[in-house]
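Examination of the molecular architecture
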Amino acid sequence: MEGWDKTTKSTLTQIPLLTTKAGPRDGAAWTQRLKEEYKALIAYTSMNKANDNDWFRISAANPEGTRWTGKCWYIHNLLKYEFDLQFDIPVTYPATAPELELPQLDGKTHKMYRGGKICLTVHFKPLWAKNCPRFGIAHALCLGLAPWLAAEIPILVDSGMIKHKDDVASSSES
């Protein structure tokens, strides 16, 4: 955690670490891992709400917990930009981090792969590998998606690549 700001360190230390090393093919162990994932997500969401920093909603889209969907948002210049969020849990999870997708931003930045998968290879993947299996979905959101949104959304807005929903609505009314 050297080189991290105090807020990031504080946030990360409050997200419970996971203990079960299991993926979607591991039966009962996967069920235990999912319970740990939910516990960490609930803790992270509660902490964000308590700090007035609520910025995402996700839930498992299937009973197996291998497909997740939701919304994430970023406030820039006092305007809220909201995006669909989705990802699949890889079969090699937790050794492999999930690839977080923002489909609405597909093709709008070089820091993204086909299908709207955000680029996390340089900074996040080594951190994930070092902390496997203790990191989970909440950690991927905290250390992967949150910094990506903070770095990319202001640039995309300022360059005109994305528009606020109110700007789009008013221009279509004209």
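Residues numbered from 1 in each chain as written. Predicted model: local features only at pLDDT ≥ 70, side-chain atom pairs only at ≥ 80, totals over all residues. Heavy atoms only, no water.

What counts is decided by this rule: UniProt positions are given in the numbering used here, feature names are shortened, and annotations may be inferred rather than shown by experiment.
Per an unreviewed UniProt entry, the protein is named Ubiquitin-fold modifier-conjugating enzyme 1, and its organism is Carnegiea gigantea. In its Sequence similarities (unreviewed entry) section, UniProt records this for the protein: "Belongs to the ubiquitin-conjugating enzyme family. UFC1 subfamily." The record in UniProt for the protein states the following under Function (unreviewed entry): "E2-like enzyme which forms an intermediate with UFM1 via a thioester linkage."

1. A short note on the state of the cysteines
Rules: Any two cysteine sulfur atoms within 2.5 Å of one another count as a disulfide. Think of it in three bands: residues with accessible area under 20% of the maximum for their type are buried, residues over 50% are exposed, and the middle band is partly exposed, with areas taken using a 1.4 Å probe on protein chains only.
Across all of its chains, the model carries zero disulfides by this definition. With no disulfide of its own, Cys 119 has Cys 72 as its nearest cysteine by sulfur position, at a separation of 16 Å. This cysteine, Cys 132, is not joined by any disulfide, and Cys 142 carries the nearest cysteine sulfur, 18 Å off. The class for Cys 132 is partly exposed, based on a relative accessible area of 23%.

2. Remarks on the sheet that holds strand E3 (residues 79-88)
Put simply, the test is: When DSSP finds two or more bridges between two strands, those strands count as paired. Every helix listed is a DSSP run of H or I at least four residues long, and every strand listed is a run of E at least two residues long, numbered separately from the N terminus. Orientation is described by lines fitted to C-alpha atoms, with helices fitted over the stretch in contact, and by angles between N-to-C directions that extend from 0 to 180 degrees. Contacts between residues were defined by any pair of non-hydrogen atoms, one from each residue, lying within 4.5 Å.
Pairing within the open sheet is antiparallel, and its three strands lie in the order E1-E2-E3. Each end of this open sheet is capped by a strand with a single partner; those strands are strand E1 (56-60) and E3. Averaged over all neighbouring strand pairs, the angle between strand axes comes to 10°, with direction disregarded. Pairing of strand E2 (residues 67-76) with E3, which is carried by ten bridges, proceeds in the antiparallel orientation. Note that in E3 the partner of Tyr 74 across the bridge is Tyr 81. Sheet strands in contact with helix H2 (residues 28-50) are E1 and E2, and its direction is about 165° off that of E1. In the packing of helix H4 (residues 137-158) onto the sheet, the strands contacted are E1, E2 and E3, and the crossing angle to E2 comes to about 45°.

3. Thoughts on the environment of Ala 129
The residue Ala 129 is located in helix H3 (residues 124-130) in this model. Judged by its relative accessible area of 53%, Ala 129 falls in the exposed class. For the pair Ala 129 and Thr 96, spaced 33 residues apart in sequence, the C-alpha separation works out to 7.6 Å.

4. Concerning unusual backbone geometry
A cis amide bond, omega 5°, links Tyr 93 with the succeeding residue Pro 94. Within the secondary structure, Pro 94 is located in the loop between E3 and strand E4 (112-113). The step from Cys 132 to Pro 133 runs through a cis peptide bond, and the omega angle for that step is 0°. Position of Pro 133 relative to the elements: it lies in the loop between H3 and H4. Here the phi dihedral of Asp 52 falls at roughly 55°; this positive angle occurs in a residue that is not glycine. Positionally, Asp 52 belongs in the loop between H2 and E1. Taking relative accessible area as the criterion, Asp 52 reaches 75% and is therefore assigned exposed. Its identity is not glycine, yet Leu 78 carries a phi of approximately 65°, on the positive side.

5. With respect to the UniProt feature "active site" (unreviewed entry) in the protein
Here the UniProt-annotated "active site" (unreviewed entry) positions come out as Cys 119. The residue Cys 119 is located in the loop between strand E5 (117-118) and H3 in this model. Note on Cys 119: relative accessible area 25%, which makes it partly exposed. Here Cys 119 is in contact with Lys 111, Met 112, Tyr 113 and Trp 148, once residues within four sequence places are set aside.

6. Describing the side chain of Glu 152
Here Glu 152 lies in helix H4. On the basis of relative accessibility, which here comes to 4%, the residue Glu 152 falls in the buried class. Discounting residues that sit within four places of it in the chain, Glu 152 has contacts with Thr 109 and Lys 111.

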